[in-house]
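Tertiary structure, described
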Amino acid sequence: MYLKKIKIPYHVQQYEALSRRLTPVVPRTDAESRFKKGMAGYRGERSLDYLLSALPDKEFFIIHNLRLSNGSRYFQIDFLILCPRFFLILEVKNIMGTLIFDTELSQLIRELDQTTDVFDDPISQAENLNVQLIEWLDVHGGSPALPVADRVVIASPARLQVTDLKDLRIKKIVRKSNLTRELMNLNRQCFKKSLDIGSVEKMARTLLLQHQPRIIDLFSFSSVRRSDIIRGVQCPDCGFFPMKRENGIWHCTSCGHVSKTAHIAAFRDYFLIFGPVITNRQCRDFLILESAVIAKKLLQTVSLHYRGEKRTRIYYLSFQLLIDKSSDEREAPWDENPVQQQITDRKPRGPKNV
Ligand SMILES: [Zn+2]
């Protein structure tokens, strides 16, 4: 069973919001290419869902996109599968073209449309994750005394080549269609020790509690300034900025589309770009609204709590409320219920120019 479902990682959503809202004078290629790369990875992982969800619920615990800290460094695992006989790290690659695994030089070469790209060797990546996970387990609650295996799963229909057929490490490369068989093989090989299922679940939940989603400070990763962000509610039909609010409804002056809820996506973009803290004035500035009363009404529908009174009041947007009605599964930056304190302790990071 999934302990953490497959969702679009939080930082990928941040790149998406940024590439949607950069003013035309700012080159958007960096944010856009990071978003596209992130989504390609997510789609590759998503494509394993039907295989992983078919695993017996009472035997396998699955955590998608687990990011842990080893002191000063973070490491991120695409999938961690825990069962009574072994732990398994899956490093998923969703790359098209011809993939040449050069294990001697630790590189992955991709040929596509007469161009050649070189990537880090995913086998070494998966092995490094293995080392880091074992280190982490040693520090937090003790080693499980179970084998920790790692595999590279090719989710795309890429053509595969290897430079050294004798290198046994290439056996770690698994095509998506062979993943279930590989799991069964591991189950047969790792027979020497086994934990009771309760201990496995406890270990999985300990790992999950320490998960820290990647949150990017978009204003420090590039030369983007706060004033480069396009304000206003975007038309969900034609993409035009900004929609105008009249009689409780958002109107698009470009295509004529009307919407009652178009501000929700704008609040979500605000959250992803600036963080959860927002004042009435910042809300009016971002949504291009004149009425403080309407801004207050809208803020109350997308916030779980606030601090302060009247003009100094600060609202804390709820990511959960903002994604509840979206069609894709999206990762939230934190669990809003049990760790409310995390939210209230964050410093306001709204635009400076309002
Ligand atoms: Zn429109």
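Residues numbered from 1 in each chain as written. Predicted model: local features only at pLDDT ≥ 70, side-chain atom pairs only at ≥ 80, totals over all residues. Heavy atoms only, no water.

**Here we look at the packing of aromatic side chains**
- Under the criterion given, the structure shown has 8 aromatic pairs.
- Arranged with centres 4.9 Å apart and planes meeting at 50 degrees, the rings of Tyr270 and Phe274 form a pair that is tilted. With a gap of 4 residues between them, Tyr270 and Phe274 both fall in helix α8 (residues 262-274), about one helical turn apart.
- You can call Phe274 buried: its relative accessible area is 3%.
- Consider the rings of Phe271 and Trp334, whose centres lie 6.0 Å apart with planes at 45 degrees: the pair is tilted. Separated by 63 residues along the polypeptide, Phe271 in helix α8 and Trp334 in the loop between α11 (319-323) and α12 (340-344) bring together distant segments of the chain.
- By relative accessible area, which is 1% here, Phe271 ends up buried. (Phe/Tyr/Trp six-rings, centres within 6.5 Å; stacked < 30°, edge-to-face > 60°. Helix = DSSP H or I, 4+ residues; strand = E, 2+ residues; numbered from the N terminus. Buried < 20%, exposed > 50% of the residue type's maximum accessible area, 1.4 Å probe, protein only.)

**With respect to the coordination of the zinc ion**
- For the zinc ion, every protein donor is listed as Cys235 (SG), Cys238 (SG), Cys252 (SG) and Cys255 (SG), and the spread of their distances is 2.2 to 2.4 Å.
- Taken together, the 4 donor atoms coordinating the zinc ion and their angles of 106 to 113 degrees define a geometry best described as tetrahedral.
- Taken in sequence order, the residues that donate to the zinc ion follow the motif C-x2-C-x13-C-x2-C. In this pair, Cys235 is assigned in the loop between α7 (218-221) and β11 (244-246) and Cys255 in the loop between β12 (249-251) and β13 (258-259), connecting sequence segments 20 residues apart.
- With relative accessibility at 38%, the residue Cys255 sits in the partly exposed group. (Donors = N, O, S within 2.8 Å, 3.2 Å for Na, K, Ca; no water. Tetrahedral: all angles 85-135°; square planar, octahedral: opposite > 155°, others 65-115°.)

**So, the domain arrangement of the protein chain**
- Each assigned domain of the protein chain is listed with its residue range as follows: domain 1 (2-97 + 123-209) and domain 2 (231-344).
- Taking only C-alpha atoms into account, the centre of domain 1 sits 33 Å from that of domain 2.
- Listed per partner, the contact involves 16 residues of domain 1 and 17 residues of domain 2.
- For the pair domain 1 and domain 2, the summed buried surface comes to about 1,500 Å²; carbon and sulfur atoms form 48% of the total.
- For the interface between domain 1 and domain 2, the tally reads 5 salt bridges.
- For Asp269, the salt bridge goes to Arg20, with nearest N and O atoms at 2.7 Å.
- Taken together, the links from domain 1 to domain 2 amount to 11 residue pairs in polar contact (both at pLDDT 80 or more). (Domains from an automatic or database assignment. Contact = heavy atoms within 4.5 Å. Buried area = accessible area lost by both parts, 1.4 Å probe. Salt bridge = Lys/Arg side-chain N within 4 Å of Asp/Glu carboxyl O. Polar contact = N/O pair within 3.5 Å; in protein donor to acceptor, adjacent residues only side chain to side chain.)

**Looking at the confidence of the model for the protein chain**
- Confidence in the prediction of the protein chain, expressed as mean pLDDT, is 90, and 93% of residues score 70 or more.
- A low-confidence stretch, residues 338-354 stays under pLDDT 50, and its non-local contacts, those more than four residues away or across chains, total 35 contacts. (pLDDT = per-residue confidence, 0-100.)

**Focus on helix α10 (residues 292-302)**
- Taken as a whole, α10 has its buried residues at Ala295, Leu298, Leu299 and Val302. An end-on view of α10 places all buried positions within 100 degrees of arc, on one side of the element. Every exposed residue of α10 that faces more than 90 degrees away from the buried side is listed here: Val293 and Lys297.
- Here α10 starts with a cap whose side-chain oxygen sits 3.2 Å from the backbone nitrogen of Val293, and that cap is Ser291. (Arc of directions from axis to C-beta.)

**Considering the side chain of Glu45**
- Here Glu45 lies in helix α2 (residues 29-46).
- Here Glu45 occupies a buried position and makes no salt bridge, while the nearest side chain of opposite charge, Lys93, is found at 8.1 Å.
- Here Glu45 is in contact with Ile6, His64, Asp78, Phe79 and Val92, once residues within four sequence places are set aside. (Lys, Arg positive; Asp, Glu negative; His and termini not counted.)

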